[in-house]
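# Analysis of the macromolecular model
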Amino acid sequence: MMGKVGWWGKGLVILSTLGCSSSGIKSPGNGGTGGNAGSGGTTGTGGAFVDDGGAADVAPFTDGETCGVQKFGLATVPPDLLIVLDKSGSMTDTPDGMMCDSGSCGPMSKWAEITAAINQVVAATEASIRWGVEFFPDDESCAVESVPAAPIADNNGAAIAAAIAATGPEGGTPTRAAVMSGSAYLTALHDPNPKYILVATDGFPNCMEGAISDLASDADGTIAAIADSAASGIPVFVVGIGTFAESTATLTAMAVAGGEPQAADPRYYQVSSTNDLVNVLGTIGGMIGSCSFVLASAPPDLGNVSVVADGINVPKDTTHTNGWDYGTGQMSVQLYGQWCDQSKAGSLKDIEAVFGCPGIVIP
């Protein structure tokens, strides 16, 4: 194995040639800061390399089974976060459910409180999170467009504020269709950034496809759509806006299906004011922002990858409790639990990914 160490972004990048024949593989040993490359010797600043066995080592690029040059490095990337925002007619009421005589409660309405928080947080964090917003419905009934009102982009505060200013509450609550549309949109984005949906809604999902009435509940269909999104690698956070006891079970099931519920009840994020949502958006932004890392290239074997933090193997954890897992498209890595906490605190200095060759398991 020949190695070269360099810096790329915020993470360490290791360019390394892996010999992957059945005759043996060379792997990193301990220590080493220089010297001449030789059998078991040192190579640059990459440390000592030792032979793990086999009759002979394979020279780089000399046979068809070498993996070639790989980038084993992690650098933080801003996540893509699409807000899927309920603008049904009931968003004109106050968070406690009061209906105003004029048909709209103005600055006291749920719509005014929530959109003020979104504008405030997006403006403050647009450099570290790639925001977008999708409204539902897009008409006076149950329609949902396939493209968000403000697509995901860098520094997107002005575009989102303009989209909010150009619309207002009306129609039903087609949450299922909105989640499906948002998930499909994010899946089609060709970037390595981790992707998330945040559903903010004040009521039960309705507008069930094929139902006689637009008021027919579509709770089961919405929960299934959220679960499908999470299973595809796009987790869904659920925010309940001024919700009441009768909607708790549905919102809880939605939050659990999305893969990012709160640990304590209620499992969804409940908000009733601008300040509430500002705090929730700050919490979610902190969860997804500094614990996401892009892979410079796709691993040759997805099941044969290690993530190493300051020389310690981070356990892979698909439950997202304490370890690492792939992000969307297996082109990013997300840390969870104590590893994420340490990353956000800055106590982890070097976070690396090690790609093993197909058929040769790395330690």
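Let me sum up the structure you'll find in this document. (Residues numbered from 1 in each chain as written. Predicted model: local features only at pLDDT ≥ 70, side-chain atom pairs only at ≥ 80, totals over all residues. Heavy atoms only, no water.)

What follows covers the overall build of the protein chain. The secondary structure content of the protein chain amounts to 7 helices and 17 strands. Contacts in the protein chain between residues at least 24 apart in sequence constitute 71% of all its contacts with a sequence separation of at least 6. Of the roughly 15800 Å² of accessible surface on the protein chain, a fraction of 56% belongs to carbon and sulfur atoms. (Helix = DSSP H or I, 4+ residues; strand = E, 2+ residues; numbered from the N terminus. Contact = heavy atoms within 4.5 Å. Areas by Shrake-Rupley, 256 points an atom, 1.4 Å probe, with all protein chains shown as cover.)

Spatially, 5 strands are ordered β8-β7-β9-β10-β11 in an open sheet, and the strand pairing comes out parallel. What marks the edges here is a single partner per strand, and that holds for β8 (130–136) and β11 (269–271). Between one strand and the next, the sheet's axes are offset by a mean angle of 20°, whatever the strand orientation. By the bridge criterion, 3 bridges tie strand β10 (residues 236–241) to β11 in an arrangement that is parallel. Considered in β11, the bridge of Gly240 is made with Gln270. The sheet strands contacting helix α3 (residues 175–188) are β7 (80–86), β8 and β9 (195–201), and the helix crosses β9 at an angle near 160°. (Pairing = 2+ DSSP bridges. Axes fitted to C-alpha atoms, helices over the stretch in contact; angles between N-to-C directions.)

All right, on to unusual backbone geometry then. Looking along the chain, the bond that leaves Phe136 and enters Pro137 is cis, with omega of 0°. Inspection of the secondary structure puts Pro137 in the loop between β8 and α2 (157–165). With an omega of -10°, the peptide bond running from Asp265 to Pro266 counts as cis. Within the secondary structure, Pro266 sits in the loop between α5 (248–258) and β11. At Cys207, a position not held by glycine, the phi torsion is positive, near 60°. Relative to the elements of secondary structure, Cys207 occurs in the loop between β9 and α4 (219–231).

With that settled, consider the side chain of Thr201. Assignment of secondary structure puts Thr201 in strand β9. Here Asp86 takes part through its side chain, which lies 2.8 Å from a polar atom of the side chain of Thr201. Those residues in contact with Thr201, other than ones at most four positions away along the chain, are Asp86, Phe136, Thr173, Val239, Gly240, Ile241, Thr243, Leu251 and Met254. (Polar contact = N/O pair within 3.5 Å; in protein donor to acceptor, adjacent residues only side chain to side chain.)

Attention now moves to the packing of helix α1 (residues 110–125) against helix α6 (residues 274–289). When two helices pack together, their arrangement is given by the angle between the helix axes and by the axis-to-axis distance. Direction vectors running N to C along α1 and α6 enclose 40°, while the axes themselves pass 8 Å from each other. In terms of orientation, α1 and α6 fall into the oblique class. As for how α1 packs across α6, the hand of that crossing is right-handed. The segment α1 lies against α6, with Glu113, Ile114, Ala116, Ala117, Ile118, Gln120 and Val121 engaging Thr274, Leu277, Val278 and Leu281. (Parallel < 35°, antiparallel > 145°, perpendicular 65-115°, else oblique. Left-handed = near helix turned anticlockwise from the far one by under 90°.)

Let us now look at the environment of Gly203. Looking at the element boundaries, Gly203 is found in the loop between β9 and α4. In this structure the C-alpha to C-alpha distance between Gly203 and Ser247, which are 44 residues apart in sequence, comes to 6.8 Å.

The side chains of a regular strand alternate, residue by residue, between the two faces of the sheet. Most of β8 is tucked away: 7 of the 7 residues are buried. Handedness of the β7-α1-β8 crossover: right-handed. (Buried < 20%, exposed > 50% of the residue type's maximum accessible area, 1.4 Å probe, protein only. Right-handed = clockwise from strand over helix to strand, strands pointing away.)

In this section: the environment of Ala345. Inspection of the secondary structure assignment puts Ala345 in helix α7 (residues 337–345). Remark: the alpha-carbon pair of Ala345 and Ser290, spanning 55 residues in sequence, is separated by 9.5 Å.

Nothing here speaks to function; it is geometry throughout.
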